Amino acid sequence: MSILIEKLSKDYGGAPVLSSISTSIAQGEFVAVLGASGCGKSTLLNIVAGLEPPTAGAVTVPAGGAAFMFQDAALLPWLTARANIELALQLRGVPRAQRKDQAQQLLELVHLGDAGSKRPHELSGGMRQRASLARALGQDKPVLLMDEPFAALDAITRDLLHEELERIWLAQRRTVLFVTHNVREAVRLGQRVLLLSSRPGRLAAQWDIDPLVRTDPAAQAALTQEITQALREEIRHHAH
Amino acid sequence: MPTSPTLSGAPRTQSQAPETDTLRELEAGLDSLQDAPVATRINAGRILLPVGTVLGLLSLWQLAAWFGSPREDLFPGPLQVLGTAGELAADGRLGEAVGTSLQRGVLGFLLALAIGTPLGLLLAGVPTLRRGIGPLISGLQVLPSVAWVPAAIIWFGLTDATVYFVVLMGATPSIINGLLSGVDTVPPQYRRLGTVLGASRLQGLLRIVLPAALPGYLAGLKQGWAFSWRSLMAAEIIAVGGSIGFGLGSLLQQGRDLSQMAMVVSAILAILIVGIAIELLVFSPLERRLLRRRGLAAGASR
């Protein structure tokens, strides 16, 4: 067991944002959390990351804690791509002598080996997200939390980054909790898809994604369709 | 759980290798397509335009002096002022005045920097303190520092201490407020990033908040320098004599005492030129470098 969420609720003094969410995520599992805007999926991620306290319930994460990847790359603009990664290594306690080599390895892992000396504004959106992914991997935590990391990218770049993330996940088998509002993305990446309802965010449904679905376009399309229907049903509840 | 970020020990089959290479090539192709070359050409207008403007204004001034002014002693033209400035430079007064003022201005500014920076950091770090003292600092920033001159003369007499005190009171609030506004405008995302990366309070301050606040701090320094220079001139005009040396403000005052308009105008121009020179030689390059490194100066009009 990697992450255990028990009866988690959150409110900011007014209406509840998250209501009694319970689930457990296995070590090395890739779980996609799907929901419309305002369903509290980012709040859920922030609570798991320890950035916000829950109002009620409990979250258990592995002792090492969790790495976090933001929707915008959140690279520090005054540092080069390499220095951004080195900062994460430094704050993790990696000795100075090893930082440069490790940062270079991480850059090469996301195919940015030659772009290490560039500053964030000199990188394209996709390259920034890859650098951000490299930094999150550099935190070397058992859990990787991703908050719509590819939402702002164009479709071509997003497809490539899906492959990139899948490749790295297959190689390293970290536990990933991936928040998105894109059904295709959730089906493409997740082993399991959790659907959150909106206002308050509750666990509305979940699907286990058979690995065979991924290689069968027809089955993938059918499942995407099914989940999209369920998501729309959730959204329609708010029409009245 | 892998402890190293490399692929070693990864369950990776032979058949995956070509796919990885294709992905690498695809990404490299996309990267180079999205990598827009930045045109870096020197804009001649950036130099010619202000120089041309100044020359034009000087010509207008000279024409006005020739054809429009009956009293040369009340409205000297630029040529006459240049002549007077030449005389002042020749007998050493202009050089002494510029040297004395510049030395005081820079020293006073550095003092303000040394006092304002830690104070600003303290206020940024302790909200209670800031709530208490913050409005007072903003008030001091609005108060013309020339108001301190009489008090300073009573306390310190006609000494350099009077001049430095006035400069300090002029510049320090701007430096503190610049630093505070720099810290205030740090995107919250960066602080969250610090938390996520496991930074301690001090590490977060030193590695993330302060570098992020640098542009605001620099703007505060720039304003602080401007206030130093203005306060200094005010103090030098009012406090003449005693052990106070001969600065540009004193030169200005001397011109007034002698009713020599050309000398007054020479002093005004010298004060202006020193101000512009510091801006162009110190702050402008610093600011440009800082902003360019962060990709913020691309469309700037300078």
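As annotated in an unreviewed UniProt entry, chain B carries the name ABC transporter permease and is attributed to Paeniglutamicibacter terrestris. Its UniProt record, at the heading Sequence similarities (unreviewed entry), says of chain B: "Belongs to the binding-protein-dependent transport system permease family."

For chain A, the name recorded in an unreviewed UniProt entry is ABC transporter ATP-binding protein, with Paeniglutamicibacter terrestris as its organism.

### Concerning the pattern of salt bridges
Scanning the model with the defined rule gives 12 salt bridges over all chains in all. Across the pair Lys41(A) and Glu148(A) runs a salt bridge whose closest N-O atoms are separated by 3.7 Å. In this pair, Lys41(A) sits in helix H1 (residues 41-49) while Glu148(A) sits in the loop between strand E6 (143-147) and helix H5 (155-172), placing the two residues 107 residues apart along the sequence. For the residue pair Lys41(A) and Glu148(A), the accessibility class agrees, reading buried in each case. Ionic contacts of the salt-bridge type, sharing partners, join the residues Arg104(B), Asp160(B) and Glu236(B) into one network.

### With respect to the packing of helix H4 (residues 93-125) of chain B against helix H7 (residues 160-184) of chain B
Residues and elements named next belong to chain B. Interhelical geometry of H4 versus H7 gives an angle of 40° and a closest axis separation of 7 Å. In terms of orientation, H4 lies oblique with respect to H7. Seen from above, H4 lies across H7 with right-handed handedness. Looking at side-chain class alone, the contact of H4 with H7 contains 20 nonpolar, five polar and two charged residues.

### Brief notes about the domain arrangement of chain A
Residues and elements named next belong to chain A. What the domain assignment lists for chain A is domain 1 (26-53 + 61-65 + 142-181 + 188-196 + 213-240) and domain 2 (76-140). The straight-line distance from the C-alpha centre of domain 1 to that of domain 2 is 24 Å. The interface of domain 1 with domain 2 comprises 13 residues on the first partner and 11 residues on the second. Here domain 1 packs against domain 2, burying approximately 1,000 Å² in sum over the two surfaces, 68% of which is carbon and sulfur. Here domain 1 and domain 2 share one salt bridge between them. Taken together, the links from domain 1 to domain 2 amount to two residue pairs in polar contact (both at pLDDT 80 or more). Among the secondary structure elements, those contributing two or more residues to the side of domain 1 that touches domain 2 are E6 and H5. In terms of residue count, the dominant contributor to the side of domain 1 that touches domain 2 is H5 (seven residues). A breakdown of the residues in the side of domain 1 that touches domain 2 according to their chemical character gives eight nonpolar, two polar and three charged.

### What about the interface of chain A and chain B?
With 45 residues of chain A in contact, the opposing surface of chain B contributes 37 residues. Taken together, both faces of the contact between chain A and chain B bury some 4,000 Å²; the carbon and sulfur share is 60%. Where chain A touches chain B, the interface holds six residue pairs in polar contact (both at pLDDT 80 or more). Only helix H2 (81-92), helix H3 (96-109), helix H4 (125-138) and H5 of chain A provide two or more residues apiece to the side of chain A that touches chain B.

### Topic: the UniProt feature "transmembrane region" (unreviewed entry) in chain B
All names here are of chain B. Annotation from UniProt places "transmembrane region" (unreviewed entry) at residues 47-68, 106-124, 136-157, 163-183, 232-252 and 264-286. This span, residues 47-68, is 100% helix and 0% strand, and a straight line between its end C-alpha atoms measures 31 Å. This span, residues 136-157, is 68% helix and 0% strand, and a straight line between its end C-alpha atoms measures 27 Å.

### Looking at unusual backbone geometry
Residue and element names in this part refer to chain A. Here His111, not a glycine, exhibits a phi torsion of approximately 60°, which is positive. Turning to its location among the elements, His111 is positioned in the loop between H3 and H4. The phi dihedral of Asp140 falls on the positive side, at around 50°, and the residue is not glycine. On the secondary structure map, Asp140 appears in the loop between H4 and E6.

### Considering the UniProt feature "domain: ABC transporter" (unreviewed entry) in chain A
Following the UniProt record, the feature "domain: ABC transporter" (unreviewed entry) maps to residues 3-223 of chain A here. The straight-line gap between the two end C-alpha atoms of residues 3-223 of chain A is 26 Å; of that span, 39% is helix and 25% is strand.

### Details of the sheet that holds strand E5 (residues 66-69) of chain A
Sheet strands pair by backbone hydrogen bonding; their relative direction is either parallel or antiparallel. All names here are of chain A. Taken together, six strands build an open sheet; the order of strands is E5-E6-E7-E3-E8-E9 and the sheet is mixed. The two strands at the open ends of the sheet, each matched to only one other strand, are E5 and strand E9 (203-208). Each neighbouring strand pair of the sheet contributes to a mean axis angle of 15°, computed without reference to strand direction. In this sheet, E9 lies alongside strand E8 (residues 192-196) in antiparallel orientation, the contact comprising five bridges. Residue Val193 lies in a different strand from E9, and its bridge partner there is Trp207. The strands touched by H1 are strand E3 (30-34), E5, E6, strand E7 (175-180) and E8; relative to E6, the strand with the most contacts, the crossing angle is about 150°.

Thresholds, definitions, all that
- Along each chain, residues carry numbers from 1 onward, in the same order as the chain's sequence is written.
- Here chains are named by letter from A upward and ligands by number from 1 upward, in the order in which they appear as written.
- A pLDDT threshold of at least 70 governs which residues receive local features in this predicted model, and a stricter bar of 80 or more applies before side-chain atom pairs are shown or counted, although totals over entire chains, interfaces and linings include all residues.
- Excluded from the side-chain calculation are hydrogens and water; included are all heavy atoms of the structure.
- UniProt positions are given in the numbering used here, feature names are shortened, and annotations may be inferred rather than shown by experiment.
- By salt bridge we mean one thing: a side-chain nitrogen of Lys or Arg within 4 Å of a carboxyl oxygen of Asp or Glu.
- To qualify as a helix, a DSSP run of H or I must reach at least 4 residues; to qualify as a strand, a run of E must reach at least 2; elements of each kind are numbered from the N terminus.
- Buried residues are those whose accessible area, probed at 1.4 Å on protein chains only, stays under 20% of the maximum for their type, while exposed residues exceed 50% and partly exposed ones sit between those limits.
- Axis angles are defined between N-to-C directions and span 0 to 180 degrees, where every axis is a line fitted to C-alpha atoms and, for a helix, only to the segment in contact.
- Throughout this description, any angle smaller than 35 degrees is read as roughly parallel, any larger than 145 degrees as roughly antiparallel, any in the 65 to 115 degree range as roughly perpendicular, and the remainder as oblique.
- Two helices cross in a left-handed way if the nearer one is turned anticlockwise from the farther one by less than a right angle. They cross in a right-handed way if the turn is clockwise.
- Following the grouping adopted for this structure description, the nonpolar residues are Ala, Val, Leu, Ile, Met, Phe, Trp, Tyr, Cys and Pro, the charged ones are Asp, Glu, Lys and Arg, and the polar ones are all others, Gly among them.
- Here the bounds of each domain stem from an automatic or database domain assignment.
- Note on definitions: a residue-residue contact is assigned when non-hydrogen atoms from the two residues lie within 4.5 Å.
- Once two parts are put together, the accessible area they lose, assessed with a 1.4 Å probe and summed over both, is termed the buried area.
- We call two N or O atoms a polar contact when they sit within 3.5 Å, provided that within protein one can donate a hydrogen and the other can accept it, with sequence-adjacent residues counted only if both atoms are side-chain atoms.
- When DSSP finds two or more bridges between a pair of strands, those strands are recorded as paired.

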